[in-house]
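Chain by chain, the residues run as shown.
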Amino acid sequence: MYAYALISVKRKNEKKEELKMYDIVVIGAGVVGGMVARRLAKYKLNICMLEKENDVAMGATKANSAIVHAGFDAKEGSLKAKMNVRGSQMMPSVTEELGVKYLRNESLVVAFENERAEVEAIYERGIKNGVEGLKILERSELLELEPNLNPELSCALLAPTGAIVCPYELCIAAVGNAMDNGADLRLNFEVASIEKKDGYYTISSADGESVDAKIVINSAGVYADKIAAMTGDDDFYVHARRGEYMILDKECGSFVQRTIFHTPTKMGKGILVAPTVDGNLLLGPTATDIEDKEDTSVTSEGYEQIIARSADNAAGIPFGKVITSFCGLRAVGSTGDFIIKLRDRVLTLGGIESPGLTSAPAIAEHVVGMLREDGLALAQKENYNPRHIPAHAFNHMSIEEKNEVIAKDARYGRIVCRCEGITEGEIVAAIHTN
């Protein structure tokens, strides 16, 4: 299980304020919206993030595979491919600045003999996409690296740049860092209408609140098409794709060292077997297209599919050690690629499904470039700080350092969560921190 439940960001903007003109409003405080806001907060701009839920990272960001993809799967020349590879390159420095757990553990795409052609195809695609270090392994090499794999597997693609991260910690840290640098955040702000005025937009919520902005960035996940339609853009639609997962106890975390995929299909990268940055083992996801953009229920059919398909990848998975399950929704766009476009000062980020987490830093970089080309003046702040205090700082301290903290604040000496060793002091600090 991930080490931290979602922590709340500071609610400093929840109360109704006097109407303020912003340079930029970002709709959606998931990992993509958070990264975009953080990147823009580097400049002398008034920025506001609007989130319909009562916390950030509440959509696809909190329930996904937590994989930093190498970039071999996306179609050559697509935005997915470009953003994936660039985002993968950026992720080590971004996570270091934000104090977020990141591990480059490598990825393997495994296959039976009758699937060898697909492994060779994604190898070639990865080379064209600019992914470094790709290599095709044969059975003996494969089983030497990962002894618990299915012994009937014939070959695999090794991607040394594959990695894992904590997705919601990344989002929380990105949003917090944007706020540290002056950005505002309004939670429980479900956008109901967007009205174009003379030189700006008025964005109104379902309960009557509103903000004005010169530029609107639509990063609304599965609702990106709904937000786009409010601005007169109905060129695309987004549907939800359910993905169910199982998480195994930490005693199973070393069952595999690398992220194990099977050869992909048109529905995605299939059922994976992967460690998490917090030491658990993750199985999933399923892939089911649905109409309901809020349905995150888990099903017995999903469990059965995960158990059956993960066994293709690894032998002897200890399913009796499953401690929880969850379901996430991917925002699948109608174009088959990321939808990133700027029209009349509305920048739309739609269909940001996998590899959206990996691509988030690159999408943010790309957004800044698009706005600059469109004429937005970008003067960097003299006091901009890209760093953020990590949520897990106390857990990583030495005994001596922890005792010093406890001497100053006794709440750090009271354990609230025994499994993960989370203290009262950390929880209180999280509540009061951006």
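Structure: see above.
In this report, we go over the structure that sits alongside the text. Since this is a predicted model, take the numbers as computed values, not measurements.

It is worth spelling out the overall build of the chain at this point. Helix and strand counts for the chain stand at 10 helices and 22 strands. Computed over the C-alpha atoms, the radius of gyration of the chain is 22 Å, within 12% of the 22 Å expected from 2.2 N^0.38 for a compact globule of 434 residues. In terms of overall dimensions, the chain has a C-alpha envelope of 65 × 60 × 40 Å along the principal axes. Expressed as a percentage of the 434 residues in the chain, the buried residues total 53%.

Turning our attention to the sheet that holds strand 3 (residues 67-68). The antiparallel open sheet is built from 3 strands, whose spatial order is 3-8-4. The strands lining the two open edges of the sheet, one partner per strand, are strand 3 and strand 4 (102-103).

Okay, the nonpolar core next. Counting residues in each nonpolar core, the largest one holds 77 residues, and the members touching the most others are Ile217 and Leu349. Sequence-distant contacts of Ile217, defined by excluding residues within four places in its chain, comprise Ile24, Val25, Val26, Ile27, Val36, Leu40, Leu347, Leu349, Val367 and Leu371. By size, the runner-up hydrophobic cluster in this structure holds 22 residues, among which are Leu137, Met246, Val256 and Leu281.

This next bit is on helix 8 (residues 356-373). When the terminal C-alpha atoms of helix 8 are compared, their 23 Å separation across 18 residues agrees well with the 26 Å that a helix rising 1.5 Å per residue should span. Largest kink in helix 8: about 35°, centred on Ala362. Extensive coverage of helix 8 is indicated by the burial of 13 of its 18 residues. Residue Gly375 follows helix 8 closely and has a positive phi angle near 105°.

A few words on the pattern of salt bridges. In the structure shown here, the tally under the stated rule is 34 salt bridges. Here Arg125 ties to Asp73 by a salt bridge, and the two come within 3.8 Å at their closest N and O atoms. Of the two residues, Arg125 is situated in helix 3 (residues 116-129) and Asp73 in the loop between strand 3 and helix 2 (79-98); the sequence distance between them amounts to 52 residues.

Now for the packing of aromatic side chains. For the structure shown, the criterion picks out 2 aromatic pairs. Taking the centre distance of 4.7 Å and the plane angle of 15° together, the rings of Tyr245 and Phe326 count as stacked. Here Tyr245, found in strand 13 (residues 238-248), pairs with Phe326, found in strand 18 (residues 322-333); they are 81 residues apart in sequence, far enough to count as distant. Of the two residues, Tyr245 and Phe326, both sit in the buried class. For the ring pair Phe394 and Tyr412, a centre distance of 5.1 Å and an interplane angle of 45° mean the geometry is tilted. Linking Phe394 in the loop between helix 8 and helix 9 (399-408) with Tyr412 in the loop between helix 9 and strand 21 (415-417), this pair joins segments that are 18 residues apart in sequence. Here Phe394 and Tyr412 have matching classes, each one buried. The ring of Phe394 carries Lys402 above its face, with NZ or CZ at 5.5 Å from the centroid.

Turning our eyes to something else, we now look at the pairing of strand 19 (residues 339-343). Examined bridge by bridge, strand 19 and strand 20 (residues 346-350) share 5 bridges and lie antiparallel to one another. Looking at strand 20, one finds that Leu342 is bridged to Leu347.

Moving on to unusual backbone geometry. Look at the link from Gly284 to Pro285: it is a cis peptide, with omega at 0°. Positionally, Pro285 belongs in the loop between strand 16 (281-284) and strand 17 (288-290). Cis peptide bonds are those with omega within 30 degrees of zero, and the linkage from Ser354 to Pro355 qualifies with 10°. Tracing the sequence through the fold places Pro355 in the loop between strand 20 and helix 8. A positive phi angle, close to 60°, is found at Ala66, a residue other than glycine.

Attention shifts here to the packing of helix 1 (residues 31-40) against helix 2. At a minimum axis distance of 14 Å, the contact between helix 1 and helix 2 shows a crossing angle of 75°. Classified by the angle their axes make, helix 1 and helix 2 are roughly perpendicular. Listed contacts from helix 2 to Met35, Arg38 and Arg39 of helix 1 are Met90, Val94, Glu97 and Leu98. For the contact of helix 1 with helix 2, a count of residues per class yields 4 nonpolar, no polar and 3 charged.

In this structure, Asp292 sits in the loop between strand 17 and helix 7 (300-313). On the accessibility criterion, Asp292 (43% relative accessible area) is partly exposed. Expressed as a C-alpha distance, the spacing of Asp292 and Glu382, which sit 90 residues apart in the sequence, is 46 Å. Of note is the side chain of Asp292, whose polar atom sits 2.8 Å from the backbone nitrogen of Glu294.

Taken together, the side chains of Val416, Ile427 and Ile431 make up a nonpolar region of the molecular surface, amounting to roughly 260 Å² of accessible area. Mapped onto the elements of the fold, Ile431 is located in helix 10 (residues 424-431).

Parameters at a glance
Residues numbered from 1 in each chain as written. Predicted model: local features only at pLDDT ≥ 70, side-chain atom pairs only at ≥ 80, totals over all residues. Heavy atoms only, no water. Helix = DSSP H or I, 4+ residues; strand = E, 2+ residues; numbered from the N terminus. Rg over C-alpha atoms; globule rule 2.2 N^0.38 Å. Buried < 20%, exposed > 50% of the residue type's maximum accessible area, 1.4 Å probe, protein only. Pairing = 2+ DSSP bridges. Core = buried A, V, L, I, M, F, W, Y, C linked by side-chain atoms within 4.5 Å. Contact = heavy atoms within 4.5 Å. Expected span 1.5 Å × (residues − 1). Bend = angle between axes of the 7 residues up to and from the residue. Salt bridge = Lys/Arg side-chain N within 4 Å of Asp/Glu carboxyl O. Phe/Tyr/Trp six-rings, centres within 6.5 Å; stacked < 30°, edge-to-face > 60°. Lys NZ or Arg CZ within 6 Å of the ring centre and 35° of its normal. Axes fitted to C-alpha atoms, helices over the stretch in contact; angles between N-to-C directions. Parallel < 35°, antiparallel > 145°, perpendicular 65-115°, else oblique. Nonpolar A, V, L, I, M, F, W, Y, C, P; charged D, E, K, R; others polar. Polar contact = N/O pair within 3.5 Å; in protein donor to acceptor, adjacent residues only side chain to side chain. Patch = residues over 30% accessible without salt bridge, like charges linked within 9 Å, V, L, I, M, F, W, Y side chains within 5 Å. Areas by Shrake-Rupley, 256 points an atom, 1.4 Å probe, with all protein chains shown as cover.

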